[in-house]
Amino acid sequence: MRIALLGKGKTGSKILELKKSDITVFDSQNRPTLEKLKNCDVAISFLPGHAFLEYIPLLLDSKLPMVIGSTGVEFPVELDTQLKERKMAWIYGSNFSLGVVLTKILIEKMNDYLGLFNERSFSLHEIHHTKKLDAPSGTALSMASWVDDNVQITSERTGDVVGHHALTLRTPREEITIAHEALDRSLFAEGALRASELLNQKKLPFGLHNFQEVMQKNIQDKE
Ligand SMILES: NC(=O)c1ccc[n+]([C@@H]2O[C@H](COP(=O)([O-])OP(=O)(O)OC[C@H]3O[C@@H](n4cnc5c(N)ncnc54)[C@H](OP(=O)(O)O)[C@@H]3O)[C@@H](O)[C@H]2O)c1
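Owing to the predicted nature of the structure, the values given are computational and were not obtained by experimental measurement.

Chemist: So what exactly am I meant to see when it comes to the site of the ligand here?
Modeler: Taken together, 25 residues are adjacent to the ligand, and Gly7, Gly9, Thr11, Asp27 and Ser28 come closest. A per-class count over the shell around the ligand returns seven nonpolar, 14 polar and four charged.

Encoded structure:
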């Protein structure tokens, strides 16, 4: 599988560490073009969100399956339709950690039992490194959207924290916290490579897919 890697910064460089061959790297000095993308099978983006948005028309024209790790921007509403019209499949994810897939499953299970608590509130605290451009993080927004209730999100930027997310259910007399800590950025690279393998097998329907949903279904289908 020949990979076009868009962005080799803090996260993209981990793809290079995990997979040393068959990768063409693009950054500000070597920008992607149709000609340069021609010999690749799949593309992975760890560009900043605004840079990824710029390249969407080019990437649609390239016809490449795409794994989008870029966060902090909204994709055009017509993207899913455009992909289906071109018979293409892309996977996006605010967090390619497999532990966050499990976190989603735990939150969905919790939703079934919220009726246990008459008085409850949810809060989510996320911590990231000081260079992160978006706040709240894409993962915090996704996690909050998985809860069948309002969630108050707070963000903290400090040091080189890779990613900490803690969702707390508080009642007048108790607290339950579901927390995920990313220890190493290669975690995201590993998940992005798993997603690129799934795309390369060409078994996904055309359109825009969410990473957590794809992985959740993939595991359920195997059981
Ligand atoms: N989905 C996930 O699991 C996950 C995990 C971690 C991070 N992220 C997201 O991934 C993105 C990148 O994060 P990062 O911390 O790795 O960023 P980073 O260290 O700043 O790296 C960004 C990379 O993008 C390149 N780039 C920037 N603008 C470009 C342009 N216009 N054309 C071509 N290349 C360009 C940079 O190249 P130059 O140095 O040459 O400018 C650099 O290689 C962010 O949106 C972040 O939130 C996602």
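Chemist: I tried to follow the packing of helix H5 (residues 98-111) against helix H6 (residues 138-146) on my own but got confused; where do I start?
Modeler: In a packed pair of helices, the relevant descriptors are the angle between the two axes and the axis-to-axis distance. Contact geometry for H5 and H6: axes closest at 9 Å, N-to-C directions at 25°. As far as their axial angle goes, H6 and H5 are roughly parallel. Regarding H5 and H6, the two cross each other, and that crossing is right-handed. The segment H5 lies against H6, with Val100, Thr103, Lys104, Ile107 and Glu108 engaging Thr139, Met143 and Trp146. Looking at the contact of H5 with H6, its residues break down into four nonpolar, two polar and two charged.

Chemist: Looking at this structure, how should I read the sheet that holds strand E1 (residues 3-6)?
Modeler: What links the strands of a sheet is backbone hydrogen bonding, and the strands pair in either a parallel or an antiparallel sense. One open sheet holds the six strands; their spatial order is E2-E1-E3-E4-E5-E10, and the pairing between them is parallel. Each edge of the open sheet carries a strand with a single partner, namely strand E2 (23-26) and strand E10 (207-210). Put simply, the sheet's adjacent strands are angled 20° from each other on average, direction ignored. In this structure, E1 lies alongside strand E3 (residues 42-45), joined through four bridges in parallel fashion. Looking at E3, one finds that isoleucine 3 is bridged to valine 42. Where helix H7 (residues 186-200) meets the sheet, it contacts E1, E3, strand E4 (66-68) and strand E5 (89-92), and its direction lies at approximately 155° from that of E3.

Chemist: Where do I start with H6 in this structure?
Modeler: Given 3.6 residues per turn, any residue in an α-helix points the same way as the ones three and four places further on. Every buried residue of H6 is listed here: Thr139, Ala140, Ser142, Met143 and Ala144. Here the buried face of H6 lies against H5, strand E6 (121-128), strand E7 (151-157) and strand E8 (163-170).

Chemist: Hey, could you run me through the domain arrangement of the protein in this one?
Modeler: Often the size quoted for an interface is simply the accessible area lost on bringing the parts together. Looking at the assigned domains, one finds that the protein contains domain 1 (3-95 + 186-222) and domain 2 (98-182). Residue-level contacts link 10 residues of domain 1 with 11 residues of domain 2. Counting residues per element, the ones that place at least two in the side of domain 1 that touches domain 2 are H7 and helix H8 (211-222). Looking at the side of domain 1 that touches domain 2 residue by residue, the classes come out as three nonpolar, seven polar and no charged.

Chemist: Please explain the nonpolar core as it appears in this structure.
Modeler: The nonpolar side chains of soluble globular proteins are, as a tendency, buried together. Membership of the largest hydrophobic core comes to 38 residues, with the highest contact counts inside it found for Ala4, Leu6, Ala43, Ile44, Ala192 and Ala195. Counting only elements with at least two residues in this core, the list comes to E1, E3, helix H3 (49-62), E4, E5, H5, H7 and H8. A per-element tally of this core places H7 first, with eight residues. If you count residues domain by domain, this core takes at least three from each of domain 1 (3-95 + 186-222) and domain 2 (98-182). Other than its neighbours up to four places away in sequence, alanine 192 contacts Ile15, Ile44, Val67, Gly69 and Phe96. Grouped together as the second largest cluster of nonpolar side chains are six residues, Phe122, Ala140, Met143 and Leu167 included.

Chemist: Teacher, can you tell me more about the environment of alanine 166 here?
Modeler: Within the secondary structure, alanine 166 is located in strand E8. Owing to 17 C-beta atoms within 10 Å, alanine 166 belongs among the partly exposed residues under this scheme. As for alanine 166 and aspartate 61, which are separated by 105 residues in sequence, their C-alpha atoms are 40 Å apart. Among all residues touching alanine 166, those that are not within four sequence positions of it are Leu124, His125, Thr177 and Ala179.

Chemist: Would you mind going over the sheet that holds E7 with me for this structure?
Modeler: Strand order in the open sheet made by the four strands is E7-E6-E8-E9, with mixed pairing throughout. Each end of this open sheet is capped by a strand with a single partner; those strands are E7 and strand E9 (175-182). On average, each strand axis in the sheet is tilted by 15° relative to the strand beside it, whichever way the strands run. Across the sheet, H5 touches E8 and E9, and the angle it forms with E9 is around 165°.

Definitions and cut-offs
Residues numbered from 1 in each chain as written. Predicted model: local features only at pLDDT ≥ 70, side-chain atom pairs only at ≥ 80, totals over all residues. Near = placed C-beta within 6 Å. Nonpolar A, V, L, I, M, F, W, Y, C, P; charged D, E, K, R; others polar. Axes fitted to C-alpha atoms, helices over the stretch in contact; angles between N-to-C directions. Helix = DSSP H or I, 4+ residues; strand = E, 2+ residues; numbered from the N terminus. Parallel < 35°, antiparallel > 145°, perpendicular 65-115°, else oblique. Left-handed = near helix turned anticlockwise from the far one by under 90°. Contact = placed C-beta atoms within 7 Å. Pairing = 2+ DSSP bridges. Buried ≥ 20, exposed ≤ 12 C-beta atoms within 10 Å, placed from the backbone. Domains from an automatic or database assignment. Core = buried A, V, L, I, M, F, W, Y, C linked by C-beta atoms within 7 Å.

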